[in-house]
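Inside the fold
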Amino acid sequence: NIMDSVIVPSTFAFNVFKKGGVNRPIYVVPHGIDLEFYRPVSERKPLPGGRGFNFLAVSTYVQRKNVRHLVRAFLEEFRKNEDVALFLLLRPEFGATQNNVALEFDDWEKRYYRKSAPIFLSTGYVTRKTLRDFYANADAYVMPSNEGFGLTLLEAMASGTPAIALRYGGVLDFINDENGYLVPKGRAFISMD
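All values reported here derive from a predicted model rather than from experimental measurement.

Overview of unusual backbone geometry
- Located in the positive-phi region is Asn-66, a residue other than glycine, with phi close to 65°.
- On the secondary structure map, Asn-66 appears in the loop between strand E3 (53-61) and helix H2 (67-77).
- For Asn-66, a relative accessible area of 16% puts it in the buried group.

Next comes the structure, spelled out in structure tokens:
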């Protein structure tokens, strides 16, 4: 409230600030993306090592991104004889290392594994072009987290990839039942990060 005004990226963020007691002018200014760069490809190419149907999730590796529950849902739902895979492009943050991510991922697989379909995990640096190629060639993009905006979801949608997201948060400014698949949010948890 000591600011002249506040700029937020979504209606969801606007409502959070209002509910939090901000009484200064709040303006919604969504993030933009380069539609010349993120666009559908004329011919899809198989993802490296992928299956007939490939899910993709791109995220930083922090608890609130809900990657653990995405992995659990995938491992519980799909079996190794099904022609499906999940690609996770995760960037470690806040003190996590690539090794930390790999060890925790290994623990999840041991806990939830039931002869499940494959999950491909990458924690290394991904160029913008490589990311665009993954978006454009995945069969579905999955965002399991509540976001104030959801830039990766918008980039995947601009690339022509069907999108799956929670029916909650900032993503609702651009995804709906007409252009994506919305999943009801479940029980909430308090993130430690």
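From this point, the discussion proceeds with the structure in view.
What about the pattern of salt bridges?
- Under the defined criterion, the tally for this structure stands at six salt bridges.
- Taking the shortest distance from any N to any O, the salt bridge between Glu-147 and Lys-65 comes out at 3.0 Å. Of the two residues, Glu-147 sits in the loop between strand E6 (140-143) and helix H5 (151-158) while Lys-65 sits in the loop between E3 and H2, which places them 82 residues apart along the sequence.
- Residue classification places Glu-147 among the buried residues on the basis of a relative accessible area of 9%.
- Since its relative accessible area comes to 12%, Lys-65 is described here as buried.
- Of the charged contacts, one joins Asp-133 and Arg-132 as a salt bridge, the two residues approaching to 3.8 Å between their closest N and O atoms.
- Take Asp-133: its relative accessible area is 27%, and that puts it in the partly exposed class.
- With relative accessibility at 16%, the residue Arg-132 sits in the buried group.
- Taken together, the salt bridges that share partners define one network made up of Lys-129, Arg-132 and Asp-133.

Criteria and thresholds
- Residues numbered from 1 in each chain as written.
- Predicted model: local features only at pLDDT ≥ 70, side-chain atom pairs only at ≥ 80, totals over all residues.
- Heavy atoms only, no water.
- Helix = DSSP H or I, 4+ residues; strand = E, 2+ residues; numbered from the N terminus.
- Buried < 20%, exposed > 50% of the residue type's maximum accessible area, 1.4 Å probe, protein only.
- Salt bridge = Lys/Arg side-chain N within 4 Å of Asp/Glu carboxyl O.

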